[in-house]
Amino acid sequence: MSRLIVASNRTATPGEERAGGLAVAVGDALAERGGVWFGWSGEIVPRETRGIRMFVDGNVDYALADLTPVEHQGYYLDFANRALWPVLHYRVDLAVFDDAAYDVYAAVNRRFGRLLYQLLRPEDLVWVHDYHFLLLGDELRANGWRGTIGFFLHVPFPAPEVFAALPQHHRLARGMAAFNLLGFQTARDVGNFTRYLVEEHGAEVLEDGRIKVFDHVIRAAAFPIGIEPDEVARMAESDEARDAACRLGRIIENRALVIGVDRMDYSKGLPQRLAAFGRLLDDNEGLRGRVTLLQIAPPSRESVEAYRDLREELDRLTGRVNGDYSDLDWTPIRYLARSYSREVLSGLFRLARVGLVTPLHDGMNLVAKEYVAAQDPEDPGVLVLSEFAGAAERMETAMQVNPHDVGGMADAIRRALEMSKEERIERWKVLMDEVSDHDISVWRQSFLNSLEAIGREAG
Ligand code: ADQ
């Protein structure tokens with residue numbers, strides 16, 4: 001079997017907390033097959049250290065490179081986080097466009113391409129991840145790499161006119177055409193990407209579905225990412241999970257628990273979610289004192305300003321609801337701005353009667369799948385899921401909501417709380433089948449099978 005070489009901005013070096021879907025998914029895939037994980041070390045050093053630091057953990061070799069302060073600012077904070085992330089999540093209003101930042105982004109892709117090329121052996125399979133490295137394939141080609149290169153976008157690919165708002169979208173698209181296979185989370189993303197290439201760059205869709213663009217023939221397909229459901233189910237029954245559920249259970253007593261778990265980010269729809277919970281209590285007197293929302297959302301450190309504004313808004317909304325409705329022995333919203341282990345989260349998911357996953361836009365959203373996998377099959381909770389999470393494409397028996405519609409979400413939470421056990425079990429079974437059928441190894445295998453097939457075709 002050829003070696004798997006994964007490139008992603010951050011790797012999950014052993015011992016690190018892995019809050020973030022990419023680190024969890026890629027880490028699991030690499031641990032299963034073995035290979036090399038290449039990326040930024042997380043270190044910012046005053047002057048670019050030329051080489052790569054290597055170390056081994058189990059069957060994974062880590063190859064890490066540092067960034068200089070200028071690179072970290074331009075490539076990571078300014079272009080990846082303040083231009084690409086908002087545009088890919090339909091927030092052109094929040095994007096900051098800066099040519100100088102793009103130049104640094106391109107330069108880091110060039111330097112990392114050179115470093116990665118030096119690690120490669122002719123038979124290797126290269127798999128690049130996410131929006132930080134849109135130009136990495138092109139840079140490998142510039143160094144002379146002729147093997148197949150796959151790419152997977154973890155976040156949404158937006159409607160063509162939204163991506164075209166990026167002043168450098170032409171150059172990014174040319175770079176992306178250097179990948180042989182581009183994987184997306186959903187059919188909607190593949191459709192958007194294909195339409196973008198056709199409308200903006202005169203691409204031609206061939207009979208076999210491949211796309212001819214900029215003198216390349218590429219393939220774009222959906223590979224919905226998954227989790228390890230058995231591991232989540234096991235964690236949900238671990239001692240750590242039971243302890244956590246017990247501690248929380250003592251406080252909420254026999255009240256119903258509604259849970260939300262997210263990285264704190266404007267794409268996750270947190271203000272709308274808190275507002276919907278407020279509306280639920282405004283409109284349903286009978287629920288006051290009988291239901292608690294636990295929202296866990298650790299700050300993303302890198303986007304300090306955006307985080308500060310969002311945090312203030314969440315504090316204000318929580319304060320409004322808790323101020324209006326708290327009683328001596330009940331606080332409606334418990335808001336925890338910190339991270340927990342996967343065991344603790346699984347225990348809390350299992351305790352919760354309702355899982356609220358209501359992003360405004362999300363590539364997939366693994367929390368939706370983890371919530372389902374953590375449930376007690378005899379008495380499962382209800383998933384309330386945004387129609388704009390990639391997960392919604394295949395999780396049809398979740399209660400799907402429009403995350404902008406506060407009243408509609410309040411109503412869905414009420415219906416979820418009132419739902420009979422029979423209906424909960426019926427809906428959950430369908431969801432659990434989907435989570436099991438499209439688990440993390442199916443995702444990895446189907447992507448790598450497609451990539452290997454392309455490699456064979458190319459001879
Ligand atoms: P994220 O935006 O990070 O991932 P998500 O898919 O929900 O979003 O993954 C979050 C992961 O981090 C989950 O495994 C979750 O359990 C964990 N996590 C979240 N909050 C946590 C907390 N407070 N403490 C500890 N762990 C926490 C990106 C894309 C997604 C896509 C994934 C994978 O934005 O759309 O699903 O990559 O492709």
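Residues numbered from 1 in each chain as written. Predicted model: local features only at pLDDT ≥ 70, side-chain atom pairs only at ≥ 80, totals over all residues. Heavy atoms only, no water.

**Q** Any chance you could break down the site of the ligand for me, citing the residues and the numbers?
**A** Around the ligand sit 25 residues in total, of which H154, R263, D362, L366 and E370 are the nearest. A distance of 2.4 Å is found between an oxygen atom of the ligand and a side-chain nitrogen or oxygen belonging to D362. Between the ligand and M364 there is a distance of 2.9 Å, counted from an oxygen atom to a backbone nitrogen or oxygen. For the ligand, the protein covers 96% of the area, taking 710 Å² as the surface of the free molecule. Residues that form the shell around the ligand fall into these classes: 12 nonpolar, 7 polar and 6 charged. Counting the residues that make up the shell around the ligand, at least three belong to each of domain 1 (4-226 + 440-453) and domain 2 (230-437). (Near = heavy atom within 4 Å. Polar contact = N/O pair within 3.5 Å; in protein donor to acceptor, adjacent residues only side chain to side chain. Areas by Shrake-Rupley, 256 points an atom, 1.4 Å probe, with all protein chains shown as cover. Nonpolar A, V, L, I, M, F, W, Y, C, P; charged D, E, K, R; others polar. Domains from an automatic or database assignment.)

**Q** Which residues make up the pairing of strand β15 (residues 382-386), and what values do they have?
**A** Extensive coverage of β15 is indicated by the burial of 5 of its 5 residues. Taking every second residue as pointing to the same face, both faces of β15 are buried, with V382, V384 and S386 on one and L383 and L385 on the other. Where strand β14 (residues 354-357) and β15 come together, 4 bridges link them in parallel fashion. Each bridged residue has a counterpart across the sheet, and for V354 the counterpart in β15 is V382. Between the parallel elements β14 and β15, the chain passes through helix α13 (residues 366-373) in a crossover that is right-handed. (Buried < 20%, exposed > 50% of the residue type's maximum accessible area, 1.4 Å probe, protein only. Helix = DSSP H or I, 4+ residues; strand = E, 2+ residues; numbered from the N terminus. Pairing = 2+ DSSP bridges. Right-handed = clockwise from strand over helix to strand, strands pointing away.)

**Q** Residue-level account of helix α10 (residues 270-283), with values.
**A** An α-helix turns once per 3.6 residues; consequently, residues spaced three or four apart project the same way. For α10, with 14 residues, the first-to-last C-alpha span of 20 Å sits near the 20 Å given by 1.5 Å per residue. Of all the positions in α10, only L270, P271, R273, L274, A276, F277, G278, L280 and L281 are classed as buried. (Expected span 1.5 Å × (residues − 1).)

**Q** An account of empty space enclosed by the protein is needed here, citing residue identities and associated values.
**A** As enumerated under the stated definition, the model contains 1 cavity of 30 Å³ or more in all. Roughly 40 Å³ of volume is contained in the largest cavity. Forming the walls of the largest cavity are G381, V382, L383, T397, M419, R424, R427, W428 and L431. Broken down by secondary-structure element, the contributors of at least two residues to the lining of the largest cavity are β15 and α15 (421-437). At 4 residues, the largest contribution of residues to the lining of the largest cavity is made by α15. By residue class, the composition of the lining of the largest cavity is 5 nonpolar, 2 polar and 2 charged. (1 Å grid on protein atoms, 1.4 Å probe; cavity = no way out; pocket = protein on both sides within 12 Å on 5 of 7 lines; lining within 4 Å. Points joined across faces, edges and corners; volume = space filled by probe spheres on them.)

**Q** Could you give me a rundown of the side chain of H201, with the residues and numbers involved?
**A** Mapped onto the elements, H201 comes out in helix α7 (residues 187-201). Within the structure, H201 has its side chain in polar contact with the side chain of Y196 (distance 2.9 Å). Not counting residues up to four positions away in its chain, the partners in contact with H201 are H169, H170, A173, Y196, V213 and F214. (Contact = heavy atoms within 4.5 Å.)

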